[in-house]
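# Commentary on secondary and tertiary structure
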Amino acid sequence: MEQAKKKQLVVIGGGPAGLAAALAARKNGVQDLLILERDEQLGGILNQCIHNGFGLHTFHEELTGPEYAARYIEQIEHEKIDYLLNTMVIDLDDKKNITFINQNGVQRIQAQAVILAMGCRERPRGALNIPGYRPAGIYCAGTAQKLVNIDGLMPGKNVVILGSGDIGLIMARRMRLEGANVHAVVEIMPYSGGLKRNIVQCLDDFDIPLKLSHTITNIEGKERVKKVTIAKVDKDRHPISGTEETIECDTLLLSCGLIPENELSEKACIQIHDITHGPIVDESLETNVEGIFACGNVLHVHDLVDFVSREAEHAGIKAAQYVLNTLPKKETEIEIETKGVVRYCVPAKIDPKRMDDLQVIRFRVGKVLKDGAIYVWADDRCIFHRQKKILTPGEMEQVILKKKDVEYAKTIRIESEEM
Ligand SMILES: Cc1cc2nc3c(=O)[nH]c(=O)nc-3n(C[C@H](O)[C@H](O)[C@H](O)COP(=O)(O)OP(=O)(O)OC[C@H]3O[C@@H](n4cnc5c(N)ncnc54)[C@H](O)[C@@H]3O)c2cc1C
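All of the points below concern the structure found in this document. None of the values given here were measured: they were computed from a predicted structure. (Residues numbered from 1 in each chain as written. Predicted model: local features only at pLDDT ≥ 70, side-chain atom pairs only at ≥ 80, totals over all residues. Heavy atoms only, no water.)

### So, the pairing of strand β6 (residues 88-92)
Keep this limit in mind: Pairing between strands is defined by DSSP: at least two bridges between the two strands are required. A run of DSSP states H or I qualifies as a helix once it reaches four residues; a run of E qualifies as a strand once it reaches two. Both are numbered from the N-terminal end.
Pairing of β6 with strand β7 (residues 97-102), which is carried by four bridges, proceeds in the antiparallel orientation. Across the sheet, Asp 91 pairs through a bridge with Thr 99, a residue of β7. Two successive antiparallel strands, β6 and β7, enclose a turn made up of four residues, where Lys 96 displays a positive phi of approximately 65°.

Following this line, the structure appears as structure tokens:
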């Protein structure tokens, strides 16, 4: 193996998070910068998302995934930022030694700073515990999306979808547009995990039934899926006997959650958040390992790519400050407490002395709240209050903290409850 090369900043992952982070770092003074991407092109998951709905916040127009990615790739080319494709990072340690493999063999880089932007992957069937055989015809929804949109192959003709996250909803419409019968989207929770706009545009507009509080209790078929049994569930999510119905189908798509790609983060001794399964970061999106930053879906699963890009810009700016020695050292970090239905927030801690004048905190709630309210407390002072007609787990929320409100606080708490 060659001797390790030195780099000021390495970005792992060339999806929307990696691209926006790299651009922000370059614009903030980092010259010696490299993106490592395992795929054969930049753009990440956006390349297979040929539907529109991307970029409304960033570009104020509706773009497809590849169009949104292209806007960033053009800027990467324009800024002459180096990247390596077909290059898989296989190891990272807490000294920022990066090991990667490509057609030139195994190579190493010693980076001054690293931005993690590896995205997330789908939860597979093995993690779901559905009884039955292991026939052909069961796909993760994102895999099916790649088959249809990139490879031009139809996974099947009679489809049931388990899970109503955004990928499941989008694939329900995609399969219908390609001529398949989509019999139902089955969701164990009493609410959908996807965006409201996707429920309307992907299910309601195509008369595809959404079966809330239902699950699949059996899959039949030896060679290929032949039918599935679905049943209603009680409040503890256990199937209710006597409510079973069978649906004949040849394909079952699973859209049951996404998990950050955190193997490299774990190898680098980065603390992982119990709920997001991504790294725990502070206001600079820096992990517990100094000089390693994280953004995008590797950090927590986002609903809109616009928020990924904005978060990644913040990581890029902070990584640039770190490299150029202008990021103040950590002083006193405060863990942000979450209460009520707030499940988690990112960042999970802030150093009031080191934060910018305005700090975005993103979070999700754990259940649907009608007529809800969001509060932020600094010690016993309410520093933010907003009412919202509806809060749902499928949509990410955000609040903006002002430095002047939290600079001398000992505790910060975000909570949300019904009014
Ligand atoms: C089906 C679907 C529909 C969507 N619809 C919308 C929509 O309508 N509107 C919207 O705004 N958003 C939508 N999104 C969300 C949006 O696509 C994501 O939020 C965004 O792509 C996340 O960006 P990312 O860079 O964090 O991750 P990714 O796009 O997943 O990029 C991560 C990159 O890292 C690379 N990588 C991972 N590990 C390594 C490694 N070890 N070495 C080298 N490279 C590595 C991967 O190959 C990948 O290119 C959708 C997502 C999906 C899946």
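On we go from here.
### Some words on the site of the ligand
How we decide: Near, as used in this document, describes a residue that has one of its heavy atoms within 4 Å of the molecule or strand being considered. N or O atoms within 3.5 Å of each other form a polar contact, as long as, within protein, one can give a hydrogen and the other can take it, and as long as residues adjacent in sequence are counted only when both atoms are side-chain atoms. With residues, only the protein chains shown are counted as cover, and all accessible areas are computed by Shrake-Rupley using a 1.4 Å probe. Charged residues are taken to be Asp, Glu, Lys and Arg, nonpolar residues to be Ala, Val, Leu, Ile, Met, Phe, Trp, Tyr, Cys and Pro, and polar residues to be all remaining types, Gly included.
Neighbouring the ligand are 31 residues; Ala 17, Glu 37, Ile 45, Asn 297 and Val 305 lie closest to it. Within the contact set of the ligand, a nitrogen atom lies 3.4 Å away from a backbone nitrogen or oxygen of Gly 53. Between the ligand and the protein, one listed contact pairs an oxygen atom with a backbone N or O atom of Ala 117 at 3.5 Å. Protein contacts shield 94% of the accessible area of the ligand, which totals 1000 Å² for the unbound molecule. Elements that contribute at least two residues to the shell around the ligand include exactly α1 (16-27), β3 (52-54), β6, α4 (166-177) and α7 (305-323). The residue inventory of the shell around the ligand, partitioned by class, reads 17 nonpolar, 10 polar and four charged.

### A look at the packing of aromatic side chains
Applied cut-off: Any pair of Phe, Tyr and Trp rings, taking the six-membered ring for Trp, is counted once the centres come within 6.5 Å. Such a pair is stacked with planes under 30 degrees apart, edge-to-face with planes over 60 apart, and tilted for the rest. Whether a residue is buried, partly exposed or exposed follows from its accessible area with a 1.4 Å probe, protein chains only, as a fraction of its type maximum: under 20%, in between, or over 50%, in that order.
One pass over the structure, following the stated rule, counts four aromatic pairs. Taking 6.1 Å as the distance between ring centres and 65° as the angle between the ring planes, the aromatic pair formed by Phe 59 and Tyr 72 counts as edge-to-face. Residue Phe 59 is located in the loop between β3 and β4 (63-64), and its partner Tyr 72 is located in helix α2 (residues 65-78); the two are separated by 13 residues in the primary sequence. Summarising the aromatic geometry, the rings of Phe 293 and Tyr 322 are spaced 6.1 Å apart at their centres and angled 70° between planes, so their arrangement reads as edge-to-face. Residue Phe 293 is found in strand β19 (residues 292-294), and its partner Tyr 322 is found in helix α7; the two are separated by 29 residues along the sequence. Take Phe 293 and Tyr 322: they sit in the same class, and that class is buried.

### Considerations on the sheet that holds strand β15 (residues 227-232)
How we decide: What counts as an axis is a line fitted to C-alpha atoms, over the stretch in contact for a helix, and the angles between N-to-C directions run from 0 to 180 degrees.
Taken in spatial order, the three strands line up as β14-β15-β16 in an open sheet, and their pairing is antiparallel. Either end of the sheet is taken by a strand with one partner, and the two such strands are β14 (214-220) and β16 (245-248). Put simply, the sheet's adjacent strands are angled 30° from each other on average, direction ignored. Sheet topology note: the β15/β16 ladder contains four bridges and is antiparallel.

### Thoughts on a nonpolar patch on the surface
Note the threshold: Only residues whose relative accessible area exceeds 30% and that take part in no salt bridge are eligible for patches, with like-charged residues grouped when within 9 Å of each other and nonpolar side chains (Val, Leu, Ile, Met, Phe, Trp, Tyr) grouped when within 5 Å. For this analysis, a salt bridge means a side-chain nitrogen from Lys or Arg found within 4 Å of a carboxyl oxygen belonging to Asp or Glu.
Together, Met 88, Ile 90, Ile 101 and Val 106 make up a nonpolar patch on the protein surface, roughly 280 Å² of accessible area in all. Along the polypeptide, Ile 101 turns up in strand β7. The partly exposed category is assigned to Ile 101, whose relative accessible area is 36%.

### Some remarks on the side chain of Thr 99
The line we're drawing: Contact definition: two residues touch when any of their heavy atoms are within 4.5 Å.
With respect to the helices and strands, Thr 99 occurs in strand β7. Residue classification places Thr 99 among the buried positions, given a relative accessible area of 13%. Excluding residues that lie within four positions of it along the chain, Thr 99 makes contacts with Met 88, Val 89, Ile 90, Asp 91, Val 106, Gln 107 and Arg 108.

### A look at the sheet that holds strand β21 (residues 342-346)
Spatially, β21-β23-β26 is the arrangement adopted by the three strands of the open sheet, whose pairing is antiparallel. Each edge of the open sheet is held by one strand with a lone partner, namely β21 and β26 (397-402). Ignoring which end each strand starts from, the neighbouring axes of this sheet average 30° apart. Bridging between strand β23 (residues 358-365) and β26 involves six bridges; their strand directions are antiparallel. Paired with Val 360 across the strands is Ile 400, a residue of β26. Sheet contacts for α7: β21, β23 and β26; angle to β23, the most-contacted strand, approximately 140°.

### Remarks on the packing of α1 against α2
Applicable threshold: We call a crossing left-handed when the near helix sits turned anticlockwise from the far one by less than a right angle, and right-handed when that turn is clockwise.
Running from N to C, α1 and α2 cross one another at 35°; their axes reach a closest spacing of 10 Å. The hand of the α1/α2 crossing is left-handed. On the side of α1, the interface is formed by Leu 19, Ala 20, Ala 22, Leu 23 and Lys 27, while α2 contributes Ala 69, Tyr 72, Ile 73, Gln 75 and Ile 76. Residue composition of the contact of α1 with α2, by class: eight nonpolar, one polar and one charged.

### Some thoughts on the pattern of salt bridges
If the charged atoms of two oppositely charged side chains come close together, the side chains can form a pair. Here the structure, examined in full by the defined rule, presents 24 salt bridges. Asp 32 is the partner of Lys 7 in a salt bridge, and the nearest nitrogen-oxygen pair spans 2.9 Å. Pair noted here: Lys 7 is in strand β1 (residues 5-12) and Asp 32 is in the loop between α1 and β2 (33-36), with a separation of 25 residues, a long-range link. Residue Asp 32 is classed as partly exposed on the basis of its relative accessible area, which comes to 28%. With a shortest N-O distance of 3.0 Å, Arg 413 and Glu 415 are connected by a salt bridge. Residue Glu 415 is classed as buried on the basis of its relative accessible area, which comes to 8%.

### Some remarks on helix α5 (residues 196-203)
This is how the line gets drawn: Summarising the geometry, the arc corresponds to the directions from the helix axis toward the C-beta atoms.
For α5, the full list of buried residues reads Asn 198, Ile 199, Cys 202 and Leu 203. Seen from one end, α5 has its buried residues packed into an arc of 105°, which puts them on one side. Considering only its buried residues, α5 is in contact with α4, β12 (181-186) and β13 (210-211).

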